[in-house]
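Listed here are the chains, written in short residue letters.
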Amino acid sequence: MVQRQVLYLGEINDSQREAWCRVIEAFDEQTNQRTQLALFPAQGELPAYAREYGVQVRLDRMELHRPRQWGACWLACHLYEQLQLDQFWADRLVDSREGTCWRHILQTLVCYRLIEPGSEWRLHRLWFEKSAMGDLLGEDYSLVEKNALYRCLDKVLEHKSALFGHLRERWQDLFQAKFDVLLYDLTSTYFESDPPNNPKDKRRYGYSRDKRSDCVQVVIALIVSPEGFPLAYEVLAGNTSDRTTLREFLNKIETQYGKAERIWVMDRGIPTEEVLTEMRQSDPPLYYLVGTPKGRLTKLEQQLLSLPWQEVRPGVEVKLLPQEQELYILAQSHDRIHKERAMRQRQLRALVKRLNQLQQMKFSGTQKLLLKLGAAKGHYPAAWRLLDIEMPESFGSSFSFRLNRQKLRAMRRREGRYLLRSNLCGKDPAELWQFYIQLVEVEAAFKNLKDDLALRPIHHQLEHRIEAHIFLAFIAYALHVTLRGRLRRMAGGLTARAVLDKFAAIQMLDVQFPTTDGRTLILSRYTEPTLDHKLLLEQLNLTLPPQPPPRISADRHVVH
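This one's a predicted model, so the numbers in the text were calculated from it and none came from an experiment.

### Some words on the overall build of the chain
Logical step 1: Of regular secondary structure, the chain possesses 20 helices and 18 strands.
Logical step 2: Scaling as 2.2 N^0.38, a compact globule of 560 residues should have a C-alpha radius of gyration of about 24 Å, whereas the chain reaches 32 Å, well beyond that.
Logical step 3: Counting only C-alpha atoms and orienting by the principal axes, one finds that the chain spans roughly 110 × 65 × 60 Å.
Logical step 4: Taking all 560 residues of the chain together, 47% fall into the buried category.

Put into structure tokens, the structure is as follows:
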């Protein structure tokens, strides 16, 4: 290696060299200005050349203050900025005349929902103080004043449609995401509160996917891509029928993103015959792939029996039945057959064991026996349908049961099989099967919203704040899938939640050194990343920011 001189800066003597090495830039909290400091130990005298800017530090009285979670907050803020949400909201949430920074409040709410979701009250009282969001945003505790958090919710909902378009563009830029195939499904979320008096309120009793028919609820309809990137959602009344929602969503997507030949993938029970006819006749045509009720499989079973199986991939076979402008696809998965058969056998064995126990019991009345049988039916509903139960003609005799082999044969024929319906008559059947399998992505989105991001419980009483709460969860889910998209490319075995939990271990502390002149030198420092953190940072192509600059206070009291 050849070295050569690029620039000559002159020479310095030993004292100048010592002072130069120890000069740092710090923020003076008394003057609110940056200042140059030269640090020296308290033992000994201050050198003459450093009288104007020298500070003597009592190293033996160092203290550690206010440990707080930094790593996950930094990662959440990085994802927020990668989606350019800071720029999106900068023009839409302008600071108030009193200096309230609404966009920083919203960013804090979203990151809180992603990292450790809870109520706005908990954010105000507990979480913000234990997090480094204030350090990362350059804000203090006044940012999360309770009323400001609620007022921020009132300002965001009107920008929902604009955000949908912004996120679609970002995911196309970051991941080359495509939205020509759309997965559509619905879920519900309930409220442990009295039903509202306003008849127009969306909180209504209805079919509960959470098995809480005793509670009022709202229905959430969601559209995602096969990779799990959400395109849009809508909050509907809790008593909304699934079959009435699709037409409205077709119009909304067409209005916002224009007409295009899109493929809609749905489960059974969502489209009506009328809507499917409209989709076939639209210009350009709207394609669909939808599951069918079991009754339709029964109706077409004889026609399907004579058709040959075609292997579309190892362990998966299909039968194709053209019908006018549609194509019916009977698919069977050997893995699914084994799984469903094992589940059925396990439930049937458990039910037979329970019935044998009941046969040995003595009951004081028929009603108690019926209650016990009803409980067994509730625990093992699928297996119960395979048995014929004969009740005793007179009290004192025991009931009897036997296996209905005809029903068992019919169930065995349908295990691991499902009938699909589509107007994509020219598509490869393997591709159609793959589209339908990808419905798990929208189910995973609902699971993340309801469990991982703790969509419920919802603590708000006003309808517009309930919808704003769901909107925040949607934005947090956008950060979640962005992280998952990066992991899929570089570290596919890791989940987004595992990475957030891993980064949460990186803490920030305030290292405080009293000085001989009565002030306090404060160094806010995040802890050294472990080897696991460094590997993750390398895989995700991330670089931690430099440590925050020092501060020097006028007294020992530090304002957080």
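### Considering the packing of aromatic side chains
Pairs of aromatic rings are described using the distance from one ring centre to the other and the angle between the two planes.
Logical step 1: All told, the structure shown has 16 aromatic pairs when counted by the stated rule.
Logical step 2: Here the aromatic rings of Trp89 and Phe471 are separated by 6.4 Å at their centres, their planes lie at 70°, and the arrangement is edge-to-face. Residue Trp89 is located in helix H3 (residues 85–90), and its partner Phe471 is located in helix H18 (residues 463–490); the two are separated by 382 residues in the primary sequence.
Logical step 3: Residue classification places Trp89 among the buried residues on the basis of a relative accessible area of 0%.
Logical step 4: On the accessibility criterion, Phe471 (0% relative accessible area) is buried.
Logical step 5: Residues Trp171 and Phe229 carry aromatic rings whose centres are separated by 5.3 Å and whose planes lie at 35° to one another, so their mutual orientation is tilted.

### Side note on H18
Logical step 1: Across its 28 residues, H18 extends 41 Å between first and last C-alpha, which sits within 8% of the 40 Å expected from 1.5 Å per residue.
Logical step 2: Counted residue by residue, H18 has 23 buried out of 28 residues, so it is predominantly covered.

### What about the packing of H18 against helix H19 (residues 496–503)?
Logical step 1: Taken N-terminus to C-terminus, the directions of H18 and H19 make an angle of 95°; their axes are 9 Å apart at the nearest point. In terms of their interaxial angle, H18 and H19 are classed as roughly perpendicular. Across the interface between the two elements, His480, Leu483, Arg484 and Leu487 from H18 touch Ala496, Arg497, Val499 and Leu500 from H19.
Logical step 2: Residue composition of the contact of H18 with H19, by class: five nonpolar, one polar and two charged.

### Concerning the state of the cysteines
Logical step 1: Counted by the stated rule, this structure contains zero disulfides.
Logical step 2: Not engaged in a disulfide, the cysteine Cys111 finds its nearest cysteine sulfur in Cys77; these two sulfurs lie 4.1 Å apart.

### A look at the sheet that holds strand E5 (residues 181–191)
Logical step 1: Pairing in this open sheet of nine strands is mixed, and the strands run E7-E6-E5-E8-E9-E15-E12-E11-E10 from one edge to the other. This sheet does not close on itself; its edge strands, each paired only once, are strand E7 (230–237) and strand E10 (310–313). The mean inter-strand angle of the sheet, taken between neighbouring strand axes irrespective of direction, is 25°.
Logical step 2: Inspection of the sheet shows E5 paired to strand E8 (residues 263–266) by four bridges, in the parallel sense. By the bridge assignment, Val181 is partnered in E8 with Ile263.
Logical step 3: Contacting strand E11 (316–323) and strand E12 (326–333), helix H12 (residues 334–359) runs over the sheet at an angle of about 60° to E12.

### Details of the side chain of Ser208
Logical step 1: If you trace the backbone, Ser208 turns up in the loop between E5 and strand E6 (216–224).
Logical step 2: Taking relative accessible area as the criterion, Ser208 reaches 6% and is therefore assigned buried.
Logical step 3: Looking at Ser208, its side chain comes within polar contact range of the main-chain nitrogen of Arg212, at 3.0 Å.
Logical step 4: Apart from the residues lying within four places of it in its own chain, the contact partners of Ser208 are Ser188, Ser213 and Gln217.

### Focus on the confidence of the model for the chain
Logical step 1: In the predicted model, the chain carries a mean pLDDT of 86, and the fraction of residues at 70 or more is 91%.
Logical step 2: Mean pLDDT values over the elements of the chain span from 49, in helix H1 (residues 14–22), up to 97, in helix H2 (residues 71–82).
Logical step 3: Below pLDDT 50 for its whole length, residues 556–560 participates in eleven contacts with residues either more than four positions away or in separate chains.

### Describing the nonpolar core
Logical step 1: Residues Trp89, Trp171, Tyr184 and Trp264 are the most contacted members of the largest nonpolar core, which totals 131 residues.
Logical step 2: The element best represented in this core is H18, accounting for 15 residues.
Logical step 3: Once you skip the residues sitting within four places of it in the chain, Trp89 turns out to touch Tyr80, Arg103, Leu106, Val156, His159, Phe471 and Ile475.
Logical step 4: Of all hydrophobic cores here, the second largest spans eleven residues; its members include Leu348, Leu351, Leu358 and Leu387.

### Details of H2
Logical step 1: Between the first and last C-alpha of H2 there are 16 Å, a value that for twelve residues agrees with the 16 Å anticipated at 1.5 Å per step.
Logical step 2: Of all twelve residues in H2, ten are buried, a share of seventy percent or more.
Logical step 3: Downstream of H2 by a residue or two, Gln84 has a phi angle that is positive, lying close to 55°.

### Topic: the environment of Phe40
Logical step 1: Secondary-structure assignment places Phe40 in strand E2 (residues 33–41).
Logical step 2: The sequence separation of Phe40 and Ala221 amounts to 181 residues, and the corresponding C-alpha distance is 64 Å.

### Quick look at the pairing of E11
Logical step 1: Pairing of E10 with E11, which is carried by three bridges, proceeds in the antiparallel orientation. In the sheet register, Glu311 faces E11, and the bridge partner there is Glu317.
Logical step 2: The turn linking E10 back onto E11 is made up of two residues, and Gly315 within it adopts a positive phi angle of 90°.
Logical step 3: Both E11 and E12 contribute to a ladder of eight bridges, which runs antiparallel. Of the residues in E12, the one forming a bridge with Lys319 is Leu330.

The rules behind each value
Residues numbered from 1 in each chain as written. Predicted model: local features only at pLDDT ≥ 70, side-chain atom pairs only at ≥ 80, totals over all residues. Heavy atoms only, no water. Helix = DSSP H or I, 4+ residues; strand = E, 2+ residues; numbered from the N terminus. Rg over C-alpha atoms; globule rule 2.2 N^0.38 Å. Buried < 20%, exposed > 50% of the residue type's maximum accessible area, 1.4 Å probe, protein only. Phe/Tyr/Trp six-rings, centres within 6.5 Å; stacked < 30°, edge-to-face > 60°. Expected span 1.5 Å × (residues − 1). Axes fitted to C-alpha atoms, helices over the stretch in contact; angles between N-to-C directions. Parallel < 35°, antiparallel > 145°, perpendicular 65-115°, else oblique. Contact = heavy atoms within 4.5 Å. Nonpolar A, V, L, I, M, F, W, Y, C, P; charged D, E, K, R; others polar. Disulfide = S-S within 2.5 Å. Pairing = 2+ DSSP bridges. Polar contact = N/O pair within 3.5 Å; in protein donor to acceptor, adjacent residues only side chain to side chain. pLDDT = per-residue confidence, 0-100. Core = buried A, V, L, I, M, F, W, Y, C linked by side-chain atoms within 4.5 Å.

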